[in-house]
Amino acid sequence: MFSFQKWRCSWSLMVSVASIVTLVSVVHLFIYPVAPSLDYFRPFQNSCVPINRSNEAEKIILKDNKSIEDRKNNATDSISTEGSQSNPDTRSPISTVDLNVNFPSDLHNSVVYRGAPWKAEVGRWLAGCDSNTSAVKVIEPISGKSCRNDCSGQGICNRELGQCRCFHGFTGEDCAERQELSCNYPGPKEAQFGRWVVSICAAYCDTTRAMCFCGEGTKYPNRPLAEACGFTINPPSEPGGSPMTDWTKADLDVFTTNGSKRGWCNVDPAEAYASKVLFKEECDCKYDGLWGRFCEVSVLSTCINQCSGHGLCRGGFCQCSSGWFGADCSVPSVVSSITEWPHWLRPAQVNVPENLMSGVNLVNLDAIAEKRRPLIYVYDLPPDFNSLLLEGRHFKLECVNRMYDHRNATIWTDQLYGAQMALYESLLASPHRTLNGEEADFFFVPVLDSCIITRADDAPHLNMQEHKGLRSSLTLEFYKKAYDHIITQYPYWNRSSGKDHIWFFSWDEGACYAPKEIWNSMMLVHWGNTNSKHNHSTTAYWADNWDSVSSDRRGNHPCFDPNKDLVLPAWKRPDEGSLEAKLWSRPREKRKTFFYFNGNLGPAYKNGRPEATYSMGIRQKVAEEFGSTLNKEGKLGKQHAEDVIVTPLRAGNYHEELASSVFCGVMPGDGWSGRMEDSILQGCIPVVIQDGIYLPYENFLNYESFAVRIREDEIPNLLNILRSFNETEIEFKLANVKRIWQRFLYRDSVVLEAERQKALRGSVEDWGLKFSQLEEDDVFATFIQVLHYKLHNDPWRRQLLLQKKEFGLPKECLIQTEG
């Protein structure tokens with residue numbers, strides 16, 4: 001709550017402020033429901049509610065019932081109980097220390113900090129400096145700019161820039177122009193429905209999002225008619241083949257009221273579930289925000305941070321409540337309710353000027369908050385780079401790490417690319433976030449490339465024609481446009497030529513196709529290819545190949561530079577079963593398999609990838625030597641051993657088999673794969689076989705302490721190398737894997753969702769409770785620690801005269817300026 005300090009105004013002001021808070025709360029409660037109704041799938045309008053504030057001066061001290069640091073360090077309490085007030089830690093910086101003397105390295109040249117074995121120079125600085133950082137006071141500007149026509153009710157006003165962020169299907173300075181996004185391109189007479197855009201729509205097309213529905217005249221006009229549903233399905237041309245869709249012939253049976261035919265648009269769900277009527281099995285409920293076999297239940301859509309409790313999630317785009325903006329509605333403006341400000345702005349002292357109005361805009365407010373560095377500014381990009389990609393997606397599973405069922409309970413997905421959403425949401429809700437670009441140490445540019453590439457072939461507003469079908473080229477163009485936006489709209493890029501900016505490239509080969517203009521920046525990737533050996537595109541999928549991307553656009557840079565970039569772990573679905581079984585902590589004596597790998601092994605096996613270039617041939621070489629399953633020729637690996645499993649056969653209990661193994665193979669797929677995370681999360685020692693390609697945190701953590709690297713030319717000698725480790729060394733590595741496994745887990749993202757579920761439904765599923773009980777540093781905490789180290793150790797920082805800022809550190813921890 002808040003308290004007033006040294007009032008210089010009348011009792012009437014107190015009444016006015018209280019009225020504002022009450023009005024805002026009432027407006028939020030009655031305008032924005034918990035979940036959208038089926039009316040979302042028809043055009044609708046949105047209106048903003050203006051809130052007037054007193055123009056008399058005031059000073060407000062805003063405190064928080066539960067700080068975000070408490071949430072991270074004791075997450076269980078934040079879910080199950082109400083927290084008490086807590087003030088920030090204002091302890092003094094540490095006294096003079098000699099880091100080299102106080103934190104010596106061990107025999108593996110590592111220094112342990114918070115349980116993890118870091119490379120000596122990194123761990124030494126973190127142990128002596130990061131652990132003792134004090135809070136500093138930062139001015140957080142609360143913006144008040146307005147937008148033209150309040151964005152016509154078809155968008156959200158960015159009150160920092162005074163620009164509209166338009167919903168799908170609307171454009172223009174005030175979002176008043178309606179776009180026409182066709183479901184299918186025009187076609188000749190013999191192919192009247194044209195060629196594919198998203199689904200070749202044989203019925204009603206909602207042209208704001210190019211989504212196909214049954215339409216008027218049917219019993220369920222808002223029922224989706226996605227993909228092949230509306231077209232004739234021909235039987236396979238040969239035994240064992242797949243049915244073929246005839247995109248030239250509409251299937252009129254889907255519209256029929258004749259119960260003896262395979263309908264869809266008129267089928268009553270209750271009758272279908274009771275097997276009383278036939279329906280077309282190829283039809284499905286794919287659009288987000290709908291649930292049930294026949295899309296008969298309206299549920300939550302997936303939005304960034306679910307709009308932070310300050311808006312409605314409309315199919316992926318946050319429609320913010322009055323006074324709030326940002327991709328997740330987490331940024332308050334001067335007309336927001338001050339008592340609802342997010343955790344990362346609390347506690348704060350707010351200075352309200354006597355004259356709040358300046359022309360058509362309200363003046364900015366200054367909130368003085370106490371924060372620990374590093375401070376990260378997150379750009380609020382136009383929605384083309386994030387929200388529109390979510391709102392317009394035609395398959396609810398694309399590029400998100402969760403969705404919602406008929407109870408609005410969370411369903412976690414297996415999408416490996418979900419890491420991008422998880423990190424973005426954590427940044428937006430982090431106490432390290434700042435709205436003050438002048439105080440920021442880093443700038444995050446949120447381009448959701450995982451959505452761009454997964455949707456490249458079906459999004460109506462993404463034009464692949466000029467990119468000759470190359471998704472890599474299309475995505476490069478998006479990053480270039482984001483760069484153009486931030487250098488024209490914001491003043492921050494030029495102060496370091498972008499070196500303090502951060503971009504996330506989540507796709508299979510990471511930042512290989514990053515535009516040359518942004519290469520100075522820090523790249524977050526899952527594929528740390530330095531191109532020292534594999535110096536061309538390694539993917540076997542032609543549409544992602546970047547070799548043919550012009551050097552005029554891409555430049556001549558590698559995919560990864562360990563001096564500035566970072567490999568982050570891939571997303572893995574939160575598995576409460578693995579947590580319950582504590583598979584990561586299984587002791588050595590219960591790990592009976594010596595070496596284990598389960599995955600696609602290429603063309604030598606049934607259903608294997610046909611391309612010889614898949615996995616750069618590495619998996620194939622391992623299988624040729626150690627395969628434990630018969631290949632197409634009926635042969636095992638040349639060096640097959642009883643305690644070695646190398647198989648393409650899908651495991652019945654994959655996690656259990658990993659947890660029953662000592663060493664686990666980590667090899668590429670089509671670029672990166674999630675095998676490193678599988679190994680670490682089940683407590684198995686990772687055996688990395690990919691030359692010149694970095695794994696998560698490998699340029700910061702000491703991999704020798706918990707992993708093994710085998711050169712590609714050493715594959716025939718793999719088992720001899722692994723058997724040369726004695727039991728003491730094996731136990732040492734297993735123990736370190738046990739200590740760091742949570743650093744490969746996106747726990748912060750999971751706990752954030754648990755808190756949202758607590759607020760929405762009043763309860764939390766078992767996964768929320770179990771993940772909230774985990775206490776060690778996770779992916780996000782590790783990421784922040786890496787940024788803090790880089791802030792004070794990257795040599796180029798000397799040029800920014802860092803001594804002008806307050807850092808909460810003693811001089812021994814600060815980067816030394818020259819001269």
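Structure first, text after, so check above.
As the structure is a computational prediction, the values presented were derived from the model and not from experiment.

Description of the sheet that holds strand E24 (residues 376-378)
Line of reasoning, step 1. Pairing is parallel across the open sheet formed by 5 strands, whose spatial order is E24-E27-E28-E29-E31. Taken across any chain shown, the strands that pair with only one partner, and hence form the sheet edges, are E24 and strand E31 (566-567).
Line of reasoning, step 2. Sheet topology note: the E24/strand E27 (residues 442-445) ladder contains 3 bridges and is parallel. Among the inter-strand pairings, Val378 is bridged to a residue of E27, identified as Phe444.
Line of reasoning, step 3. Where helix H10 (residues 471-489) meets the sheet, it contacts E27 and strand E28 (501-505), and its direction lies at approximately 160° from that of E28.

Digging into unusual backbone geometry
Line of reasoning, step 1. In this chain, Arg346 is followed by Pro347 through a cis amide linkage whose omega measures -10°.
Line of reasoning, step 2. Tracing the chain through its elements places Pro347 in the loop between strand E19 (331-332) and strand E20 (348-352).
Line of reasoning, step 3. Following Arg373, the chain continues into Pro374 via a peptide bond in cis, with omega recorded as 10°.
Line of reasoning, step 4. With respect to the helices and strands, the residue Pro374 is situated in the loop between strand E23 (365-371) and E24.
Line of reasoning, step 5. At Cys329, a position not held by glycine, the phi torsion is positive, near 60°.
Line of reasoning, step 6. Inspection of the secondary structure assignment puts Cys329 in the loop between strand E18 (324-325) and E19.

Examining the side chain of Thr530
Line of reasoning, step 1. By secondary structure assignment, the location of Thr530 is in the loop between strand E30 (528-529) and helix H11 (551-554).
Line of reasoning, step 2. At a separation of 2.8 Å, a polar atom in the side chain of Thr530 contacts the main-chain carbonyl oxygen of Gly692.

Regarding helix H8 (residues 418-428)
Line of reasoning, step 1. Counting buried positions over the 11 residues of H8 gives 11, a clear majority of the element.
Line of reasoning, step 2. Three or more residues of H8 are buried, namely Gly418, Ala419, Gln420, Met421, Ala422, Leu423, Tyr424, Glu425, Ser426, Leu427 and Leu428.

Overview of the sheet that holds strand E32 (residues 593-598)
Line of reasoning, step 1. Here we have 5 strands laid out as an open sheet, ordered E33-E32-E34-E35-E37, and parallel in their pairing. Across the chains shown, the open sheet's two edge strands, defined by having one partner strand only, are strand E33 (644-647) and strand E37 (708-709).
Line of reasoning, step 2. In this structure, E32 lies alongside strand E34 (residues 661-666), joined through 3 bridges in parallel fashion. Within E34, the position partnered with Thr593 by the bridge is Ser661.
Line of reasoning, step 3. Sitting on the sheet, helix H17 (residues 727-740) is in contact with E34, strand E35 (685-688) and E37, with an inclination near 100° to E35.

Reading the values: rules and limits
- Residues numbered from 1 in each chain as written.
- Predicted model: local features only at pLDDT ≥ 70, side-chain atom pairs only at ≥ 80, totals over all residues.
- Heavy atoms only, no water.
- Pairing = 2+ DSSP bridges.
- Helix = DSSP H or I, 4+ residues; strand = E, 2+ residues; numbered from the N terminus.
- Contact = heavy atoms within 4.5 Å.
- Axes fitted to C-alpha atoms, helices over the stretch in contact; angles between N-to-C directions.
- Polar contact = N/O pair within 3.5 Å; in protein donor to acceptor, adjacent residues only side chain to side chain.
- Buried < 20%, exposed > 50% of the residue type's maximum accessible area, 1.4 Å probe, protein only.

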